[in-house]
Each structure stands twice: as C-alpha cells, then as structure tokens.
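Close look at the chain arrangement
Here is how the chains run, residue by residue.
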Amino acid sequence: MHSIGDLSRLTGVKVPTIRFYESKGLLPEPGRTTGNQRRYDAAALKRLHFIRHGRDLGLPLADVQALLSLEGAKGPDLNRAHEIAKRQLADVRDRIARLRGLELELAHITKACDGHHDHVCAVLQAFTNCGPRCANPGADPD
C-alpha cells in the first residue's frame, strides 16, 4: 500500500493532480487508514502510470478516460483505442508541421539582422511587417 506522497514520488504526478484525477473518476477512491490517510494499492499505481503516460503523449483527459474504460475489452470495442491513437498521432504531426513553419519564419527573421545597430532594427521590422509569411508561416524563407 502506498500513501499519496509515495504515489506522487513513484509516478512524478503532483499530489493535487492525483486528487484531481480521483475527483474526475480516473482513479478509484482509495482506501483510508484509521487516521483518514489515503492508501493506494498496486493497481492504482499502475493506473496512475497509465494516466501519466497518456498525458505525456498529449492526450486530453477525455481520451485517457476512454482508454481506461476499455480495460478488459475485446474485439471491435478496441477499435476505439486505435482511433484515439491515430487521432493523437495526426494532431502531433500537425503541431510539428506548424512548429517547422515557425522555425522557418524565425530563421528568415534572424537572417534579416546584419548585426549593425545604426539603423532601424531589421528583426523588429520583420516582426511588424511579415507580409505573406503571416498567411503562410511554412513558406520557404528564401
């Protein structure tokens, strides 16, 4: 049996977050000692690791909860898990594409500075006047 502090240390999940997960039904209500301290079993620890991993992968709580609800499911019910994973992968790929666009735009902006500061700052000007790149941040910076 683990205290809430032990669970926090073993998973890297903060105590208030563990309580929040309990309040949302992601973790079952723990047993209590006679002193009213929470006590978690190995199954709760395993479940919290699962939740933490899902959150680290960027899954929203609703998807983590949906995955948890599939525990013990078989057959076509497991298609839901695959759909969630595919959707999350597409979302991550979309974010990566947007970040690459931002990287290109910032590369363009940093090239604008000649290192001399005896005139209007080209970097500040680029932030103010981004032109067509504002509409298409992934455009090649020349």
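Before reading on, note that the structure itself is shown above.
Throughout, a residue's number is its position along its own chain's written sequence, starting from 1. Owing to the predicted nature of the model, reporting of local features is limited to residues with pLDDT of at least 70; listing and counting of side-chain atom pairs is limited to 80 or more, with chain, interface and lining totals taken over all residues. With hydrogens and water excluded, all non-hydrogen atoms of the structure serve as input to the side-chain values.

**Thoughts on the packing of aromatic side chains**
Worth spelling out the cut-off: Aromatic rings from Phe, Tyr and Trp, with only the six-membered ring used for Trp, were paired whenever their centres fell within 6.5 Å, and each pair was classed as stacked if the ring planes differed by under 30 degrees, edge-to-face if by over 60, and tilted otherwise. Relative accessibility decides the category of a residue: with a 1.4 Å probe and only protein chains considered, values under 20% of the type maximum give buried, values over 50% give exposed, and everything between is partly exposed.
The tally for this structure, following the rule as stated, stands at one aromatic pair. When the ring of Phe-20 is compared with that of Tyr-21, the centres are 6.1 Å apart and the planes differ by 55°; the resulting orientation is tilted. When its relative accessible area of 36% is taken as the criterion, Phe-20 is described as partly exposed. Using a relative accessible area of 7% as the deciding quantity, one classes Tyr-21 as buried.

**Here we look at the packing of helix H1 (residues 4–11) against helix H2 (residues 15–23)**
We count it as follows: For helices, the fitted axis covers only the stretch in contact; all axes are lines through C-alpha atoms, and the angles between them, taken along N-to-C directions, range from 0 to 180 degrees. Starting at the N terminus, helices and strands are each numbered in turn, a helix being any DSSP run of H or I of at least four residues and a strand any DSSP run of E of at least two. In these notes the angle categories are as follows: under 35 degrees is roughly parallel, over 145 is roughly antiparallel, 65 to 115 is roughly perpendicular, and the rest is oblique. Contacts were defined at the residue level, with two residues in contact if any of their heavy atoms lie within 4.5 Å. Throughout, the ten residues Ala, Val, Leu, Ile, Met, Phe, Trp, Tyr, Cys and Pro are labelled nonpolar, Asp, Glu, Lys and Arg are labelled charged, and all others, Gly among them, are labelled polar.
Following both chains from N to C, one finds H1 and H2 inclined at 105°, their axes separated by 9 Å at the closest point. Relative to H2, the element H1 lies roughly perpendicular. Two secondary-structure elements touch here, H1 through Ile-4, Gly-5, Leu-7 and Ser-8 and H2 through Val-15, Ile-18 and Arg-19. Split into classes, the residues belonging to the contact of H1 with H2 amount to four nonpolar, two polar and one charged.

**Things to note about the nonpolar core**
For the record, the criterion: Definition of nonpolar core: a set of buried residues of the types Ala, Val, Leu, Ile, Met, Phe, Trp, Tyr and Cys, connected through side-chain atoms within 4.5 Å.
Ranked by size, the top nonpolar core spans 19 residues in total, and within it Leu-7, Ile-18, Tyr-21, Leu-27, Tyr-40, Leu-48 and Ile-51 carry the most contacts. Listed by contribution, the elements that provide at least two residues to this core are H1, H2, helix H3 (42–56) and helix H4 (61–69). Tyr-21 has contacts with Val-13, Leu-26, Leu-27, Leu-48, Ile-51, Arg-55 and Leu-61, leaving out every residue within four places of it along the chain.

**Some thoughts on H4**
Those residues of H4 that fall on the buried side of the exposure criterion are Asp-63, Val-64, Ala-66, Leu-67 and Leu-68. Residues of H4 that are buried make contact with H3 and helix H5 (79–111).

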